[in-house]
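# Structural description and commentary
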Amino acid sequence: MQTAVYPRNIVGLGIFALVCWAMIIDVIDDIEVHNNYRSDGTVYAVYSFARKLGQAGASGLTGLLLSITGYTAETAFDTGVVNGIYNVATLIPAIGMVLLSLSLIFFYPLSKKKVEDNIEVLRKRRNG
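These numbers were taken from a predicted model, which means no experiment stands behind them.

Looking only at helices and strands, the protein features four helices and zero strands. Along its sequence from the N terminus, the protein presents helices and strands in the succession α-α-α-α. Across the 128 residues in the protein, those meeting the buried criterion constitute 16%. On the protein, roughly 9400 Å² of surface is accessible, and the fraction owed to carbon and sulfur atoms is 68%.

Dropping the structure here:
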C-alpha cells in the first residue's frame, strides 16, 4: 500500500507563518518608536516561544484525537482510519488558520498607515 502526501494543511499554515514572520519587523519598529530602543531579540524570542507552544498544543491535540478515536497499531492501515486521520489533519489546521487570521484582523494593532508612520519617524531619528 502506497501512502500519499497531502500538503494542503502544510501550505495553509505555511502561508500564515510567512505572514506572521513578515509582521515581526513591524512590531520591532513599533516598539522602537514607542520606547526609543530596538529589541529584536526579545520579539524574536517571544514569537519563537509562542510558535513552539502552538506546535506542542497541536501535537497534544493530535494524540488526544487519535486516542479518542481508538487508533491502535493494528488499525494503522485501515482505509477508514487513514481517511479519518487525513480529515483531522486537514480540518484542524484549517480551523486553526481561520481563528489565527481572525485574531490578527481584530487584535493586531498595526495598520499599513501606522507602519508607514513608524518608518518615517525612525528615518527622521536616524538621519537627524
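Core analysis: the biggest nonpolar cluster contains six residues, these being Phe16, Cys20, Ile24, Ile28, Val43 and Tyr47. Secondary structure elements with two or more residues in this core: helix H1 (8-35) and helix H2 (40-68). Every residue in contact with Ile28, bar those within four places of it in the chain, is listed here: Arg38, Asp40, Val43 and Tyr44.

Turning next to the packing of aromatic side chains. Where two aromatic rings form a pair, the distance of their centres and the angle of their planes describe that pair. Under the definition given, this model contains two aromatic pairs. Ring centres of Trp21 and Tyr44 lie 5.7 Å apart, and the angle between their planes is 35°; this geometry places the pair in the tilted category. Taken together, the residues Trp21 in helix H1 and Tyr44 in helix H2 connect sequence positions 23 residues apart. Look at Tyr44 and you get partly exposed, because its relative accessible area is 33%. With centroids separated by 5.7 Å and ring planes inclined at 55°, the aromatic side chains of Trp21 and Tyr47 adopt a geometry described as tilted. You can see Trp21 sitting in helix H1 and its partner Tyr47 sitting in helix H2, a full 26 residues away along the chain. An aromatic cluster is defined as three or more aromatic residues linked by ring pairs; in this entry it consists of Trp21, Tyr44 and Tyr47.

Turning next to the pattern of salt bridges. As enumerated under the stated definition, the model contains six salt bridges in all. A salt bridge links Asp29 to Arg38, with the shortest nitrogen-to-oxygen separation between them at 2.9 Å. You can call Arg38 partly exposed: its relative accessible area is 34%. Taking the shortest distance from any N to any O, the salt bridge between Arg38 and Glu32 comes out at 2.5 Å. Look at Glu32 and you get buried, because its relative accessible area is 12%. One salt-bridge network, in which partners are shared between bridges, spans Asp29, Glu32, Arg38, Asp40 and Arg126.

Calculation criteria
Residues numbered from 1 in each chain as written. Predicted model: local features only at pLDDT ≥ 70, side-chain atom pairs only at ≥ 80, totals over all residues. Heavy atoms only, no water. Helix = DSSP H or I, 4+ residues; strand = E, 2+ residues; numbered from the N terminus. Buried < 20%, exposed > 50% of the residue type's maximum accessible area, 1.4 Å probe, protein only. Areas by Shrake-Rupley, 256 points an atom, 1.4 Å probe, with all protein chains shown as cover. Core = buried A, V, L, I, M, F, W, Y, C linked by side-chain atoms within 4.5 Å. Contact = heavy atoms within 4.5 Å. Phe/Tyr/Trp six-rings, centres within 6.5 Å; stacked < 30°, edge-to-face > 60°. Salt bridge = Lys/Arg side-chain N within 4 Å of Asp/Glu carboxyl O.

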